[in-house]
Amino acid sequence: MMGAEPLLRIEGLKKHFPVRLGAFGERSAVVQALDDATFEIIEGETLSLVGESGCGKSTTGFAILNLHRPTAGQVIYRGENIAIFDERQMRPIRRDLQIVFQDPYSTLNPRMTVGEAVGEPILFHKLCSKAELPGRIERLLGDVGLPGRFAQRYPHELSGGQRQRVAIARALACEPKFIVCDEAISALDVSIQAQIINLLLDLQEKYGLTYLFIAHHLAVVRHISDRVGVMYLGRLAELGSRDQVFGAPLHPYTKALMSAVPEADPVAERSRQRQILQGDVPSPLAPPAGCRFHTRCPIAMEQCRSVVPEWREHEAGHFVACHAVPA
Ligand SMILES: Nc1ncnc2c1ncn2[C@@H]1O[C@H](COP(=O)(O)OP(=O)(O)O)[C@@H](O)[C@H]1O
Ligand code: SF4
Ligand SMILES: [Mg+2]
């Protein structure tokens, strides 16, 4: 169930990556991967982030977890700005804030058994005695729908779905409050995707977890989200309840994205107007001035080229950054 309290408050969060360009790396430049993101993550909710590949979704997840040190801005957790914490200060908090990736191979050491992989964070955070460990691992495997004997197996002996279950068990091992699911189902077969989604929803209910769910599959996002944030080229374009964003989108980019989602109702589906976005996403090395979407926006106005639209609450809980949306 959704509580009302924010678990995390993100204010003006920014992540820029310095990069070297040219055949000899002779030029330096900055990738503006995330700019000025301000939003809350409510305890117990599933907040999804959507947007085209490269728009900064993963960077947002990494910056919130301080896996990539933010360039500017704040991430308030339990009254403290963890965005400025060093690794030593982060250590006790790492327990609470976990991440599951698209590719479980990136978190699972091929030479470690499933039991060792799930037990490692428990030992690291000293959450139980050595004697209690096997029972705890077995319980975690049970939580993710795997038999206890899987503790003896190696990652390569498992299917993709089973490996993702192990990655989830590992994330669960230190009893987290918050999990970033970064495309956690995107690499799986559709039938397996549904199983993993149901598992995540069951675990959320059982343990009161809060999710930041990063995905590009909008039908899945509509199914599982309480709220949805839409990103474009490193900036939040819109954020609101699932019904606000899917049912009454405000931002032209959201409208274009949503017009590509098939309607379940065949009558609505027949009258659906698909809006095709023209052109490619510009480079985050040199994002357009003003509204970053103005080069592709069908209703761009003069001021959109120079004035950054303010991020504001248009109606209760429904945030948008667009000059064309009346105040
Ligand atoms: N470590 C990095 N160094 C330089 N650029 C990066 C790095 N990580 C991500 N980027 C760039 O930042 C932008 C946002 O990337 P990302 O957050 O991964 O997008 P998404 O998850 O939405 O696909 C992209 O242009 C990407 O190339
Ligand atoms: S601010 Fe202007 S360019 Fe940007 S989405 Fe709104 S109307 Fe389009
Ligand atoms: Mg990503």
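Everything below is about the structure shown above.
On a predicted model such as this, the values are computed, not experimentally measured, just so you know.

Student: How should I be thinking about the nonpolar core in this particular structure?
Tutor: A general feature of soluble globular proteins is that nonpolar side chains tend to end up buried together. Judged by nonpolar contacts, the single largest core of 59 residues is most densely connected at Val118 and Ile168. For Val118, the contacting residues outside a window of four places in its chain are Ile137, Leu140, Leu141, Val166, Ala169, Arg170 and Ala173. Core analysis: the next-biggest nonpolar cluster, separate from the first, contains 31 residues, Phe39, Ile41, Cys55 and Met231 among them.

Student: Can you help me understand the site of ligand 2 in this one?
Tutor: Around ligand 2, the structure places 13 residues, and the nearest of them are Cys291, Cys297, Cys304, Cys322 and His323. The pocket occupied by ligand 2, as judged from atoms lying within 2 Å of grid points, is the largest cavity. Looking at the shell around ligand 2, its residues break down into 10 nonpolar, three polar and no charged.

Student: What exactly am I supposed to notice about the sheet that holds strand β7 (residues 178-182) here?
Tutor: Strand pairing in a sheet relies on backbone hydrogen bonds, with the paired strands running either antiparallel or parallel. The sheet built from eight strands is open, its strands ordered β6-β7-β8-β3-β9-β10-β12-β11 with mixed pairing. Here the strands that pair on one side only, and so sit at the sheet edges, are β6 (97-100) and β11 (312-315). Within this sheet the neighbouring strands show an average axis-to-axis angle of 20°, counted without direction. Bridge count between β7 and strand β8 (residues 210-214): five bridges; the pairing is parallel. Bridged to Cys181 within β8 is Phe213. Packing against the sheet, helix α5 (residues 160-172) makes contact with β6 and β7, and its axis sits at approximately 175° to β6.

Student: Can you walk me through the site of ligand 1 in this structure?
Tutor: Taken together, Phe17, Val19, Val31, Ala33, Ser53, Gly54, Cys55, Gly56, Lys57, Ser58, Thr59 and Pro284 are the residues near ligand 1. The contact in question runs from an oxygen atom of ligand 1 to an N or O atom on the backbone of Cys55, over 3.2 Å. Contact with the protein chains removes 65% of the 560 Å² of surface that ligand 1 exposes when unbound. Listed by contribution, the elements that provide at least two residues to the shell around ligand 1 are β1 (6-21), β2 (27-42) and α1 (57-64). With three residues, the single largest contributor to the shell around ligand 1 is α1. Residues that form the shell around ligand 1 fall into these classes: six nonpolar, five polar and one charged.

Student: In this structure, what is going on with empty space enclosed by the protein? I would like to understand it.
Tutor: If a probe the size of a water molecule is rolled over the atoms, the empty space left behind becomes visible. Counted under the stated rule, the structure contains one cavity of 30 Å³ or more. The computed volume of the largest cavity comes to approximately 90 Å³. Lining the largest cavity are 13 residues, with Pro252, Cys291, Cys297, Cys304 and Cys322 positioned closest to its centre. A class-by-class count of the residues in the lining of the largest cavity yields 10 nonpolar, three polar and no charged.

Student: Would you mind going over the sheet that holds strand β4 (residues 72-77) with me for this structure?
Tutor: What the four strands build is an open sheet, ordered β2-β1-β4-β5; its pairing is antiparallel. Strands with a single pairing partner mark the edges of an open sheet, and in this sheet they are β2 and β5 (80-81). Pairing analysis gives five bridges linking β1 to β4, with the strands arranged antiparallel. Across the sheet, Arg9 pairs through a bridge with Ile76, a residue of β4.

Student: In this structure, what is going on with the layout of surface pockets? I would like to understand it.
Tutor: By volume, the largest pocket amounts to about 480 Å³. Taken together, 18 residues form the lining of the largest pocket, with Gln98, Ile99, Thr107, Pro121 and Arg170 sitting closest to its centre. Ranked by residue count, the leading element in the lining of the largest pocket is β6, at four residues. Residues of the lining of the largest pocket, tallied by class, amount to 11 nonpolar, three polar and four charged.

Student: Teacher, can you tell me more about the packing of aromatic side chains here?
Tutor: The relation between two aromatic rings is expressed through the spacing of the ring centres and the mutual angle of the planes. In the structure shown here, the tally under the stated rule is five aromatic pairs. Seen in terms of ring centroids, Phe62 and Phe101 are 5.9 Å apart; in terms of plane orientation they differ by 50°. Their pairing is tilted. With a gap of 39 residues between them, Phe62 in helix α1 and Phe101 in the loop between β6 and α3 (114-124) connect regions that are remote in the sequence. A relative accessible area of 18% means that Phe62 is categorised as buried. When the centroid spacing of 5.3 Å and the interplanar angle of 65° are considered together, the rings of Tyr253 and Phe293 count as edge-to-face. Of this pair, Tyr253 sits in helix α9 (residues 252-258) while Phe293 sits in the loop between α10 (266-271) and β11; the two residues are 40 residues apart in sequence, bridging distant segments of the chain. As far as the burial class goes, Tyr253 and Phe293 line up, both buried. Connected via pairs of aromatic rings, a cluster forms that spans Tyr232, Tyr253 and Phe293. Arg153 extends its terminal NZ or CZ atom over the ring of Phe150, reaching a point 4.3 Å from the ring centre.

Parameters and conventions
- Residues numbered from 1 in each chain as written.
- Chains lettered and ligands numbered in written order.
- Predicted model: local features only at pLDDT ≥ 70, side-chain atom pairs only at ≥ 80, totals over all residues.
- Heavy atoms only, no water.
- Core = buried A, V, L, I, M, F, W, Y, C linked by side-chain atoms within 4.5 Å.
- Buried < 20%, exposed > 50% of the residue type's maximum accessible area, 1.4 Å probe, protein only.
- Contact = heavy atoms within 4.5 Å.
- Near = heavy atom within 4 Å.
- 1 Å grid on protein atoms, 1.4 Å probe; cavity = no way out; pocket = protein on both sides within 12 Å on 5 of 7 lines; lining within 4 Å.
- Sits in = over half its atoms within 2 Å of the grid points.
- Nonpolar A, V, L, I, M, F, W, Y, C, P; charged D, E, K, R; others polar.
- Pairing = 2+ DSSP bridges.
- Helix = DSSP H or I, 4+ residues; strand = E, 2+ residues; numbered from the N terminus.
- Axes fitted to C-alpha atoms, helices over the stretch in contact; angles between N-to-C directions.
- Polar contact = N/O pair within 3.5 Å; in protein donor to acceptor, adjacent residues only side chain to side chain.
- Areas by Shrake-Rupley, 256 points an atom, 1.4 Å probe, with all protein chains shown as cover.
- Points joined across faces, edges and corners; volume = space filled by probe spheres on them.
- Phe/Tyr/Trp six-rings, centres within 6.5 Å; stacked < 30°, edge-to-face > 60°.
- Lys NZ or Arg CZ within 6 Å of the ring centre and 35° of its normal.

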